[in-house]
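A closer look at the structure
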Amino acid sequence: MYIRRWRGWELPESAATDEEAFRNRRRFLKTAAAGSIVAATAGLPFETRAQVGAPEGDPTVDLYPVSRNDAYAPQRAISGEELVATYNNYYEFGSSKTIWKKAQDLPIRPWTVKIDGLVEEPREIDFDELIKQMPLEERVYRHRCVEAWSIVVPWSGFPLKALVDFARPLSKAKYVKMVTFEDSDVASGQRAPWYPWPYVEGLTMAEATNELAFMATGMYGKPITKQNGAPLRLAVPWKYGFKSVKGIVHISFVEEMPKTFWWEIQAREYGFWANVNPKVSHPRWSQANEKFLKSMDDIGTFSSPERIPTQLYNGYAEQVAHLYKGLEDEYGDRLFR
Ligand SMILES: Nc1nc2c(c(=O)[nH]1)N[C@H]1C(S)=C(S)[C@@H](COP(=O)(O)O)O[C@H]1N2
Ligand SMILES: [Mo]
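Cut-offs used in this document
Residues numbered from 1 in each chain as written. Chains lettered and ligands numbered in written order. Predicted model: local features only at pLDDT ≥ 70, side-chain atom pairs only at ≥ 80, totals over all residues. Heavy atoms only, no water. Pairing = 2+ DSSP bridges. Helix = DSSP H or I, 4+ residues; strand = E, 2+ residues; numbered from the N terminus. Core = buried A, V, L, I, M, F, W, Y, C linked by side-chain atoms within 4.5 Å. Buried < 20%, exposed > 50% of the residue type's maximum accessible area, 1.4 Å probe, protein only. Contact = heavy atoms within 4.5 Å. Salt bridge = Lys/Arg side-chain N within 4 Å of Asp/Glu carboxyl O.

For the protein chain, the name recorded in an unreviewed UniProt entry is Protein-methionine-sulfoxide reductase catalytic subunit MsrP, with Ferruginivarius sediminum as its organism.

Printed below as a string of structure tokens:
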């Protein structure tokens, strides 16, 4: 994870999705019949269709859109859908930002989620069975990558707490560990042996059951795209983006702090906690500001994205600051990287 030069963009510019256009599209989608995804993107150049649409044949398409929970208004514009669906970090498919095409090769059905470790009863559940039992809602969250860019995304999904309750962990459980799929046939990045595959992330039980911790299954009122982590991805907006693990297949309740993917690679730079803090620099760059990416215009060669000051806990201090009271002495600045 390095700061890269902003790439030139090969694809034609297309409809920027500001808040108003997004609302209109939702309204349109609600009233349109089957095949609406194709219709809604019919005005876009051919190349962009796959990237902004729900995965083809996704059986959960009728579950969306879901109603928005306005309790977590991000106080910023929503980033355009095309930007969010084509500017990604997903090292399983390579280390560039433009992996969205490669990610289309990932089969996402059937998709089994294994739940084990310190639980009353280990189980495996089909994703489509699981989602039926979860309370779906939409939340517009800020997302702050450790590389100092940020976006605002309307996720659909359910509180992680609902999944924790479903899993029935034992009181001995102190952490939740979440693991990404492994399939180096389609995910060429996983053939790079210097990375400790599979991608692992984790939260304390208090973090996992905090109201903000969210499991995203959809975005922009549709099933989530493969490049954004379909069918199941974490969204913990008060932490640097690498905590929000994609393509989850395994959730384990454990007593020991899990050794997470980036921590394993570079412990000095990326740790377990990774809470956003403008005052604690990354060893190689400042975290005081971020480039707020609103549309495709913000990632072109000559783009100049708006720079905004980074906020403590990415603006969510009210909901999460209390989780870290008493941990400062033990962890110090490590709470913030
Ligand atoms: N499995 C997996 N999850 C991942 C990553 C990854 O490389 N692999 N990248 C992380 C990083 S660094 C960021 S910033 C976000 C990017 O999410 P987005 O592409 O949906 O914006 O995903 C996170 N989750
Ligand atoms: Mo990131």
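So that's the structure; there's more coming.
Turning our attention to the pairing of strand 2 (residues 123-126). In this structure, strand 1 (residues 112-117) lies alongside strand 2, joined through 4 bridges in antiparallel fashion. Along strand 2, the bridge assignment pairs threonine 112 with aspartate 126. The turn linking strand 1 back onto strand 2 is made up of 5 residues.

Okay, the nonpolar core next. A general feature of soluble globular proteins is that nonpolar side chains tend to end up buried together. Residues Leu160, Met178, Met215, Trp238 and Phe253 are the most contacted members of the largest nonpolar core, which totals 98 residues. The residues touching tryptophan 238, leaving out its near neighbours within four places in the chain, are Glu207, Leu212, Ala213, Asn275, Val276, Tyr313, Asn314, Tyr316, Val320, Leu323 and Tyr324.

Further remarks concern the pattern of salt bridges. Considering all chains together, one arrives at 16 salt bridges under this definition. Between glutamate 137 and arginine 139 there is a salt bridge, with the nearest N and O atoms lying 2.4 Å from each other. A relative accessible area of 17% means that glutamate 137 is categorised as buried. On the basis of relative accessibility, which here comes to 4%, the residue arginine 139 falls in the buried class. Salt-bridge contacts for glutamate 269 lead to arginine 284; the nearest nitrogen and oxygen are separated by 2.6 Å. Residue glutamate 269 is found in the loop between helix 9 (261-265) and strand 11 (289-292), and its partner arginine 284 is found in the loop between helix 9 and strand 11; the two are separated by 15 residues along the sequence. A cluster of three or more residues bridged by salt bridges with shared partners is formed by Asp58, Arg109 and Asp128.

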